[in-house]
Amino acid sequence: MTKTMGAVTLPLNTILSGDCIEQMNSLPEGSVDLIFADPPYNLQLKGELHRPDNSKVDAVDDHWDRFDGFAAYDRFTRDWLAAARRVLKPDGAIWVIGSYHNIFRLGAELQNQGYWILNDVVWRKANPMPNFRGKRLTNAHETLIWASKSEGAKYTFNYEALKALNEGVQMRSDWVLPICTGHERLKDEKGDKAHPTQKPESLLHRVLVATTNPGDVVLDPFFGTGTTGAVAKMLGRDFIGIEREESYRKVAEARLARVRRYDREALAVSASKRAAPRVPFGQLVERGMLRPGEVLTSPRGKTAKVRADGTLVGDDVTGSIHQVGAALEGAPSCNGWTYWHFKREGKTVPIDLLRQQIRAEMGERPN
């Protein structure tokens, strides 16, 4: 699937082969809604690592994680972050994940380039790998940095959706999630790990539900075995992956072929009621959903009549659905949408049901 932007085509739902900096610079400027980046950590491993039973630990010692010192790594970081910022939309954002080896250098460069850090998130691993040498604390977390393109820029944050994910409690910046193991861990033809640092789908699910919407374009410049693409596809987002290693691309392509998108209804998430389109009460009267003269009732038996201009009259009080409800209850305020009810087919129904119906017709999920 492709999308044309100006004279350049955006290669949606595709894995691009080659250097991430060159590939990002070939994409249209300001074309991507979100970037999730899991760059090389520059672990600087020296020698093999063994468990107490002398078995070898499958550590990250691949060639793509080797740099000739911090200066070389910093140049690489500067160049790919600049390419990423160019391709982000003005209201786009970026997530970068790393360990203590590199996350502080990444954070400094993000700020150097004008990104605006929104949060740092601690991914606390529920099942971390032990420290086999016993000379340091167990590395039980990684850090994610979430940043907008610039200070004051707009960005997507589905606050209510994250709150719903967290059983109605505001989501914190420390996330306890397991590392990728078991059936989720992809293997190569030899039965070995297909990628040493494969991220769990649960992590990407939380990131994408929180900071994107269906139809958004998500770019992963270090695509690996395609976790970002797999979760994006399931959640109805478009993705662009960039990966220079052929072996990883093959695994990712096979993985993505097995992924199926959730249905449209399942993709809807909880939204802030403030973000929902405003529906004036008078619109219900204009459309004949309520008739002038129709009597509305409250849970405590108070009554008011609907007037042609969308106001109510009850007990010598005239005003909006909120003003009349508050006056009848002797309260400082009242949510008229939940306070007032009407009768249909012998049943008492809140007028908010009619507002939800109008919002649904407008393409919005009712609140």
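Residues numbered from 1 in each chain as written. Predicted model: local features only at pLDDT ≥ 70, side-chain atom pairs only at ≥ 80, totals over all residues. Heavy atoms only, no water.

Under an unreviewed UniProt entry, the name given to the chain is Methyltransferase, and the organism recorded is Rhodovulum adriaticum. Under the UniProt heading Sequence similarities (unreviewed entry), the note attached to the chain is "Belongs to the N(4)/N(6)-methyltransferase family." For the chain, the Catalytic activity (unreviewed entry) comment in UniProt is given as "a 2'-deoxyadenosine in DNA + S-adenosyl-L-methionine = an N(6)-methyl-2'-deoxyadenosine in DNA + S-adenosyl-L-homocysteine + H(+)". (UniProt positions renumbered as here; feature names shortened; annotations may be inferred.)

Glancing now at unusual backbone geometry. The phi dihedral of N13 is positive, around 55°, even though this residue is not glycine. Topologically, N13 is positioned in the loop between β2 (8-11) and β3 (14-17). Residue N13 is classed as partly exposed on the basis of its relative accessible area of 31%. (Helix = DSSP H or I, 4+ residues; strand = E, 2+ residues; numbered from the N terminus. Buried < 20%, exposed > 50% of the residue type's maximum accessible area, 1.4 Å probe, protein only.)

One pass over the structure, following the stated rule, counts eleven aromatic pairs. Judged by centre distance (5.4 Å) and plane angle (90°), the rings of W146 and Y155 are edge-to-face. For W146, a relative accessible area of 5% corresponds to the buried category. Residue Y155 is classed as partly exposed on the basis of its relative accessible area, which comes to 37%. Taken together through their ring pairs, the aromatic side chains of W95, W146, Y155, F157, Y159 and W175 make up a single cluster. Above the plane of the ring of Y115 lies R85, whose end atom (NZ or CZ) is 5.7 Å from the centre. Directly above the aromatic system of W123 lies the positively charged group of K125, at a separation of 5.3 Å from the ring centroid. (Phe/Tyr/Trp six-rings, centres within 6.5 Å; stacked < 30°, edge-to-face > 60°. Lys NZ or Arg CZ within 6 Å of the ring centre and 35° of its normal.)

Now for the nonpolar core. Of all hydrophobic cores here, the largest spans 35 residues; its most connected members are W95, L144, W175, L203, V207 and L208. Setting aside its immediate chain neighbours within four residues, W175 contacts W95, V121, V122, W123, R124, L203, R206 and V207. (Core = buried A, V, L, I, M, F, W, Y, C linked by side-chain atoms within 4.5 Å. Contact = heavy atoms within 4.5 Å.)

Each regular strand shows side chains that alternate between the opposite faces of the sheet. Along strand β5 (residues 88-98), eight of the eleven residues are buried, which leaves the element largely enclosed by surrounding structure. Relative to β5, strand β4 (residues 32-37) is paired through five bridges, and the arrangement is parallel. Paired with A37 across the bridge in β5 is V96. The pairing of β5 with strand β7 (residues 141-148) spans six bridges and is antiparallel. Residue pairing across strands places A93 opposite S148, the latter belonging to β7. (Pairing = 2+ DSSP bridges.)

Because the α-helix completes a turn every 3.6 residues, residues three or four places apart line up on one side. Counting buried residues in helix α5 (residues 201-211) gives eight out of eleven residues, a clear majority hidden from the surface. Those residues of α5 that fall on the buried side of the exposure criterion are L203, L204, R206, V207, L208, V209, A210 and T211.

Moving on to the pattern of salt bridges. Counted under the stated rule, the structure contains twelve salt bridges. As a salt-bridge pair, E201 and R255 come within 3.0 Å of each other at their nearest N and O atoms. One end of the pair, E201, is in helix α5; the other, R255, is in helix α7 (residues 246-258), and 54 residues separate them in sequence. Given a relative accessible area of 25%, E201 falls into the partly exposed group. In this structure, E245 engages R244 in a salt bridge whose closest nitrogen and oxygen atoms are separated by 3.4 Å. Given a relative accessible area of 17%, E245 falls into the buried group. (Salt bridge = Lys/Arg side-chain N within 4 Å of Asp/Glu carboxyl O.)

In space, the eight strands of this open sheet follow the order β3-β10-β9-β4-β5-β7-β6-β8, with mixed pairing throughout. This sheet does not close on itself; its edge strands, each paired only once, are β3 and β8 (174-177). In this sheet, neighbouring strand axes are inclined to one another by 20° on average, regardless of whether the strands run parallel or antiparallel. Note: β3 against strand β10 (residues 238-243), four bridges, orientation parallel. (Axes fitted to C-alpha atoms, helices over the stretch in contact; angles between N-to-C directions.)

Mean pLDDT over the chain: 87, with 89% of residues reaching 70 or higher. The model gives residues 55-60 a pLDDT under 50, and that stretch makes 18 contacts with residues more than four places away or in other chains. (pLDDT = per-residue confidence, 0-100.)

What follows concerns the environment of I103. Position of I103 relative to the elements: it lies in helix α3 (residues 103-112). Under the relative-accessibility criterion, I103 is labelled buried at 5%. When the C-alpha positions of I103 and I145 are compared, they lie 8.3 Å apart, and in sequence the two are 42 residues distant. In contact with I103, other than residues within four places in its own chain, are V96, I97, G98, T143 and I145.

Tracing the chain through its elements places V207 in helix α5. Take V207: its relative accessible area is 0%, and that puts it in the buried class. Taking the C-alpha atoms as reference, V207 lies 8.7 Å from F36; in sequence the two are 171 residues apart. Beyond its immediate stretch of four places on either side in the chain, V207 contacts L34, F36, W95, L144 and W175.

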